[in-house]
Amino acid sequence: MAFDPLQQRGIPLDEQLRDWRELNVTPIDPDHADPYTRCRIITMNGIEVEAILFSHQLARHCPDLEIKQQLARVRYIEAQQQKTVNWLLPGASSVLETTIAYEQVAVDLTAWVARMEPDPYLRQAYQFGVLEDFDHLYRYANLYEMIEHRKAEKIVDNLTEVMPGRPTYLHHRDPFDNVRRPYVRSVTEPLSRLHALTIMSAEQQTMNFYMNVGPMYMEPIARQLYQEIGMVEEEHVTHYESLVDPGESLWEQLLNHEYNECYLYYSFMETESDPKVKNIWELHLNMELEHLRLAAELFKRFDGRDPDQVLAPALPPPVTFEPNKGYIRDLLATQIDCTTLGTGYVREAHERFTRMQEAVMGGEKPASERVIDDNRAISGREYRLETEGPHPAGLQLSS
Ligand SMILES: [Fe+2]
Ligand SMILES: [Fe+2]
Ligand SMILES: [Fe+2]
Ligand SMILES: [Fe+2]
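Source: prediction; values computed, not measured.

Criteria and thresholds
Residues numbered from 1 in each chain as written. Chains lettered and ligands numbered in written order. Predicted model: local features only at pLDDT ≥ 70, side-chain atom pairs only at ≥ 80, totals over all residues. Heavy atoms only, no water. Helix = DSSP H or I, 4+ residues; strand = E, 2+ residues; numbered from the N terminus. Rg over C-alpha atoms; globule rule 2.2 N^0.38 Å. Buried < 20%, exposed > 50% of the residue type's maximum accessible area, 1.4 Å probe, protein only. Contact = heavy atoms within 4.5 Å. Donors = N, O, S within 2.8 Å, 3.2 Å for Na, K, Ca; no water. Tetrahedral: all angles 85-135°; square planar, octahedral: opposite > 155°, others 65-115°. 1 Å grid on protein atoms, 1.4 Å probe; cavity = no way out; pocket = protein on both sides within 12 Å on 5 of 7 lines; lining within 4 Å. Points joined across faces, edges and corners; volume = space filled by probe spheres on them. Nonpolar A, V, L, I, M, F, W, Y, C, P; charged D, E, K, R; others polar. Core = buried A, V, L, I, M, F, W, Y, C linked by side-chain atoms within 4.5 Å. Phe/Tyr/Trp six-rings, centres within 6.5 Å; stacked < 30°, edge-to-face > 60°. Lys NZ or Arg CZ within 6 Å of the ring centre and 35° of its normal.

Chemist: Help me understand the overall build of the protein chain in this model?
Modeler: Of regular secondary structure, the protein chain possesses 13 helices and 2 strands. Taking 21 Å as the expected radius of gyration for a compact globule of 399 residues, we find that the protein chain reaches 21 Å, a close match to that expectation. For the protein chain, the spread of C-alpha atoms along the three principal axes comes to 60 × 45 × 40 Å. Relative to its full complement of 399 residues, the protein chain shows a buried share of 58%. Intrachain contacts of the protein chain at a sequence separation of at least 6 include 86% that bridge at least 24 residues.

So, in structure tokens, the structure goes:
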């Protein structure tokens, strides 16, 4: 049955406020939870963080006191939602375990979006990016084995493979080449807007996470690896945010944000395996329906159009966390050696790329390479989780 969030009645804003007891949710069990439940939590945290940051930016551009007050009230609820969602993560998990889960999100969420994306140029952007986060997962998994003496399969649980992607040292491109062409808002499919917003938000949260937790490590290799991959996440945010048409008014953007929150909570409510977490997705969906109604009113008033002109008539099929092993393997076999040139893609290292490489490497191996060498030296081999056979691009395991 088609679900049109614009036609549904949510919880009135006055009834959305929760007390501390209600915010104090029981975290998921780090050893027995479905890894994809953790992925959904991380995704929704990224979405709520973006909702909060976007609302702050909007308020800073808003001269109307009354509108600012309404934005503040909705934003306070978004902030409570973010606390509820992110506090589902257990304190027993280490930062590195959470990091590995962040990269699992980046792999399986981006792969899903790439599979569903109707626009070939946008699809290419997701296919390009996913091979990089796939490689980050492998680098962090080796760091994890080295400093925590545990294996990443404890976290990704055979749902996501762990092996080299496009090697991380090749991600350091001239920032000029990280900017893509945006979709055109007047002709794009509504689903494409939602995809861009979702992946941008997830990558932004990953960028924020690494920039803050990286210096909390004692081990030099860990500090350096977070610094290096943190810089790549900056590139990823630039890459994905540039897909969004900047011609959308702030009110249209607000509408898209609230609609996307409805879409993702609905998706996760439909696919969640943990009943307690599912209840939270359902509650938050019912809050978002009201946020969407309020955003739609602002859109009509200040943008002068009807929300039906920009939104889909019903929600697209639910965003689903599921293994994408075959899809990733196909990309590894065909796109591992791509880089960007201007707003497009090429296979050769061009002059600007080579100059950037020389400038940031300073003639030395970066942490993303050394972490593999170091783990080989300590563990006798590097860490991989190849459940479907040898590496499809011929990057064989050597001891
Ligand atoms: Fe929200
Ligand atoms: Fe990453
Ligand atoms: Fe990323
Ligand atoms: Fe919202």
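Chemist: Whenever I open this one, the environment of Pro 27 confuses me. Can you help?
Modeler: Mapping Pro 27 onto the fold places it in the loop between α1 (20-23) and α2 (35-60). For Pro 27, a relative accessible area of 39% translates into the label partly exposed. For the pair Pro 27 and His 195, spaced 168 residues apart in the sequence, the C-alpha separation amounts to 28 Å. Each residue touching Pro 27, except ones within four places of it in the same chain, is listed here: Trp 87, Leu 88, Leu 89 and Pro 90.

Chemist: Looking at this structure, how should I read the coordination of the iron ion (ligand 1)?
Modeler: Around a metal, the idealised angle for a tetrahedral arrangement of four donor atoms is 109.5 degrees; for an octahedral arrangement of six donor atoms it is 90 or 180 degrees. Taken together, the protein donors to the iron ion (ligand 1) comprise Glu 48 (OE), Glu 48 (OE), Glu 78 (OE), Gln 81 (OE1), Glu 261 (OE) and Glu 288 (OE), at separations of 1.9 to 2.3 Å. Here the iron ion (ligand 1) is ringed by 6 donor atoms whose angles at the metal span 58 to 173°, and the overall shape comes out irregular. Mapped onto the sequence, the donors of the iron ion (ligand 1) take the spacing E-x29-E-x2-Q-x179-E-x26-E. A separation of 3.3 Å is found between the iron ion (ligand 1) and the iron ion (ligand 4), which are bridged by Glu 78.

Chemist: So what exactly am I meant to see when it comes to the coordination of the iron ion (ligand 4) here?
Modeler: Those donors, Glu 78 (OE), Glu 258 (OE), Glu 261 (OE), Glu 288 (OE) and His 291 (ND1), are the protein atoms that reach the iron ion (ligand 4), and they lie 2.0 to 2.4 Å from it. Spacing between the donor residues of the iron ion (ligand 4) along the chain follows E-x179-E-x2-E-x26-E-x2-H.

Chemist: Could you clarify how one ought to interpret empty space enclosed by the protein in this entry?
Modeler: Gaps left between atoms are located by rolling a probe of water-molecule size over the structure's atoms. Enumeration over the complete set of coordinates arrives at 5 cavities of 30 Å³ or more. Looking at the largest cavity, its volume works out to about 140 Å³. Lining the largest cavity we find 16 residues, and of these Leu 71, Val 74, Glu 78, Leu 254 and Glu 258 sit closest to its centre. Among the elements of the structure, α2, α3 (65-86), α9 (250-271) and α10 (275-303) are those that each provide at least two residues to the lining of the largest cavity. Among the elements that line the lining of the largest cavity, the one with the most residues is α3, at 5 residues. When its residues are assigned to classes, the lining of the largest cavity shows 8 nonpolar, 4 polar and 4 charged.

Chemist: Mind showing me how you'd approach the nonpolar core here?
Modeler: For soluble globular proteins, the rule of thumb is that nonpolar side chains tend to be buried together. Among the nonpolar cores identified, the biggest contains 105 residues, and Tyr 126, Tyr 140, Leu 143 and Trp 281 are the most heavily contacted of them. Looking at this core element by element, the count peaks at 14 residues for helix α5 (residues 120-148). Setting aside residues up to four positions removed in sequence, Tyr 140 forms contacts with Leu 96, Thr 99, Ile 100, Glu 103, Tyr 210, Leu 225, Tyr 226 and Ile 229. Formed by 6 residues, the second largest nonpolar core is a distinct cluster that contains Leu 13, Ile 77, Met 287 and Leu 294.

Chemist: Is there a simple way to explain the packing of aromatic side chains in this structure?
Modeler: Aromatic ring pairs are defined here through the distance separating the ring centres and the angle between the ring planes. Within the structure shown, the criterion is met by 14 aromatic pairs. Ring plane angle 10° and centroid distance 4.5 Å describe the contact between Tyr 102 and Phe 209, whose orientation is recorded as stacked. Placement of Tyr 102 in helix α4 (residues 95-116) and of Phe 209 in helix α7 (residues 190-213) is noted, with a sequence separation of 107 residues between them. Using a relative accessible area of 3% as the deciding quantity, one classes Tyr 102 as buried. Relative to Tyr 240, the ring of Tyr 126 lies with its centre 5.8 Å away and its plane at 15°, an arrangement referred to as stacked. Within this pair, whereas Tyr 126 is found in helix α5, its partner Tyr 240 is found in helix α8 (residues 220-241), the two being separated by 114 residues in sequence. Its guanidinium or amino end placed over the ring of Tyr 345, Arg 180 lies 5.3 Å from that ring's centre, counting from NZ or CZ. We note Arg 181 situated over the ring of Tyr 121; from NZ or CZ to the ring centre the distance is 4.1 Å.

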